Amino acid sequence: MIKFLDLKQVNLRYAKELKNRFTDVLDSGWYLLGENLQRFEENLAEYLGVKYVIGTGSGLDALLLILQAYMEMGCMKEGDEVIVPANTYIASILAVSKNRLTPVLAEPDLRSYNLDIARLEQHITKRTKAIMVVHLYGQTCWSKDIDVLAEKYNLKIIEDNAQAIGAEWFGKKTGSLGHAAGLSFYPGKNLGALGDGGAVATNDPELAQIVSALRNYGSHRKYINDYEGCNSRLDEIQAAFLDVKLRHLEKENAYRRKMAALYLSGINNSRVILPTLFTPEQPKSHVWHLFVIRTPDRDRLQKYLEKSGIQTLIHYPVPPHK
Ligand SMILES: *Cc1c(COP(=O)(O)O)cnc(C)c1O
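Enquirer: Just checking my understanding: could you explain the overall build of the protein for this structure?
Expert: When helices and strands are tallied, the protein shows ten helices and eleven strands. A compact globule built from 322 residues should have a C-alpha radius of gyration of about 20 Å, and the protein, at 20 Å, falls within 12% of that. Taken over the C-alpha atoms alone, the protein extends approximately 60 × 55 × 35 Å along its principal axes. For the protein, the share of sequence-separated contacts (at least 6 apart) that also reach a separation of at least 24 residues comes to 67%.

Enquirer: Got a minute to help me understand the site of the ligand in this structure?
Expert: Surveying the vicinity of the ligand reveals 14 residues, the closest of which are Gly59, Asp160, Gln163, Ser184 and Lys189. Gln163 has a polar side-chain atom sitting 2.8 Å from an oxygen atom of the ligand. Taking Lys189, its side chain carries an N or O atom lying 3.1 Å from an oxygen atom of the ligand. Protein contact buries 91% of the 380 Å² of open area that the ligand shows by itself. Of the residues in the shell around the ligand, the class split is six nonpolar, six polar and two charged.

Enquirer: Which parts of the structure should I look at to understand the layout of surface pockets?
Expert: The computed volume of the second largest pocket comes to approximately 380 Å³. At the level of elements, helix H3 (35–48), strand E1 (52–56), helix H7 (205–214) and strand E10 (219–221) are the ones that each hand at least two residues to the lining of the second largest pocket. Counting residues per element, the lining of the second largest pocket draws most heavily on H3, at five residues. Class assignment of the residues belonging to the lining of the second largest pocket gives a composition of eight nonpolar, seven polar and four charged.

Enquirer: Just to check I follow, could you spell out the nonpolar core for this structure?
Expert: Inside soluble globular proteins, nonpolar side chains tend to come together where they are buried. Formed by 32 residues in total, the largest nonpolar core has its most connected members in Leu67, Tyr70, Val82, Val96, Met132, Ile158 and Val211. Counting only elements with at least two residues in this core, the list comes to helix H4 (59–72), strand E2 (81–85), helix H5 (90–97), strand E4 (128–134) and H7. No other element matches the eight residues that H4 contributes to this core. For Tyr70, the residues in contact, after removing those within four places along its chain, are Cys75, Met76, Lys156, Ile158, His179, Ala180 and Leu207. Formed by 21 residues, the second largest nonpolar core is a distinct cluster that contains Val50, Phe185, Ala193 and Ala201.

Enquirer: Sorry, what's going on with empty space enclosed by the protein here?
Expert: Vacant regions in the atomic arrangement are exposed by a probe of water-molecule size rolled over the atoms. Considering all chains together, one arrives at one cavity of 30 Å³ or more under this definition. As for the largest cavity, its lining consists of 13 residues, of which Tyr113, Tyr137, Gln139, Pro275 and His286 are closest to the centre.

Enquirer: Sorry, what's going on with the pairing of strand E3 (residues 102–106) here?
Expert: Along a regular strand, successive side chains alternate from one face of the sheet to the other. Pairing geometry for E2 and E3, over five bridges, is parallel. Within E3, the position partnered with Ile83 by the bridge is Val104.

Cut-offs used in this document
Residues numbered from 1 in each chain as written. Predicted model: local features only at pLDDT ≥ 70, side-chain atom pairs only at ≥ 80, totals over all residues. Heavy atoms only, no water. Helix = DSSP H or I, 4+ residues; strand = E, 2+ residues; numbered from the N terminus. Rg over C-alpha atoms; globule rule 2.2 N^0.38 Å. Contact = heavy atoms within 4.5 Å. Near = heavy atom within 4 Å. Polar contact = N/O pair within 3.5 Å; in protein donor to acceptor, adjacent residues only side chain to side chain. Areas by Shrake-Rupley, 256 points an atom, 1.4 Å probe, with all protein chains shown as cover. Nonpolar A, V, L, I, M, F, W, Y, C, P; charged D, E, K, R; others polar. 1 Å grid on protein atoms, 1.4 Å probe; cavity = no way out; pocket = protein on both sides within 12 Å on 5 of 7 lines; lining within 4 Å. Points joined across faces, edges and corners; volume = space filled by probe spheres on them. Core = buried A, V, L, I, M, F, W, Y, C linked by side-chain atoms within 4.5 Å. Buried < 20%, exposed > 50% of the residue type's maximum accessible area, 1.4 Å probe, protein only. Pairing = 2+ DSSP bridges.

Take it as geometry only, folks, not as evidence of what the structure does.
This is the structure:
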């Protein structure tokens with residue numbers, strides 16, 4: 001069986017480096033908020049081209065804490081609206097609703113499967129405070145029109161960059177395009193930990209300060225709690241592993257692009273709709289977290305592939321509004 005994703009194979013490639021880093025952390029006796037996290041946060045900030053990266057316990061928490069921090073800053077309040085793509089993974093929408101903000105679901109563009117930027121303005125009301133831009137399946141969702149809308153309506157642009165780490169828009173990395181971004185290091189993501197993990201990326205010093213307090217019980221100084229925070233830290237051990245794998249990410253994404261190009265040229269079937277590169281003149285605008293096709297015979301094709309030893313998955317079988 002050709003597995004959809006063989007995590008063991010993915011991580012065995014770096015086994016020696018990972019084991020060395022494990023030993024370092026074990027021997028250090030320091031397991032949370034230490035030098036491994038700091039080093040990874042700095043290296044990731046440099047990679048993305050942002051001033052601040054704050055590690056969190058998961059990608060969902062990264063998005064939750066961005067919105068909570070904006071509420072603490074007075075940029076939005078309960079009941080305000082955040083526009084999100086209707087076909088995203090449920091985490092993007094939970095981050096909004098869990099903060100008692102209102103998710104406003106917008107239809108995607110059927111070619112890119114990303115937000116239809118030309119039709120975003122029709123969803124904006126007096127209560128709209130933010131747009132959650134999801135780079136779904138690994139493809140950059142961006143246009144200078146987003147900056148124009150943000151300016152015109154005073155909106156925060158939050159990138160859900162869980163699926164697209166390493167993707168670019170005219171040389172700038174996703175995660176550095178909006179006001180703040182949430183990243184996920186779930187094991188199956190392009191940069192995967194050996195457990196859960198996430199991060200917030202931003203150039204905004206106030207947002208960075210508040211998020212770094214929120215992830216640690218709302219506290220900047222031990223036992224002094226300024227906000228109603230939570231416990232959502234990125235462990236030293238995961239930060240150490242991620243720091244190893246970050247150095248290989250460009251190579252891994254290049255390999256994904258090579259595989260995608262093979263599929264795109266090799267699959268010729270009138271009943272299979274292949275993914276579209278939205279900006280083919282920018283080859284790095286897609287990091288192929290997933291290679292998603294559409295077909296009227298979906299379930300039959302999946303069974304046929306299964307019988308032929310090829311595992312596939314549906315992304316996603318039930319849309320969040322259901
Ligand atoms: C994976 C994912 C998340 C959440 O990340 P976790 O680390 O699993 O919490 C958020 N948004 C999207 C689009 C994702 O794919």
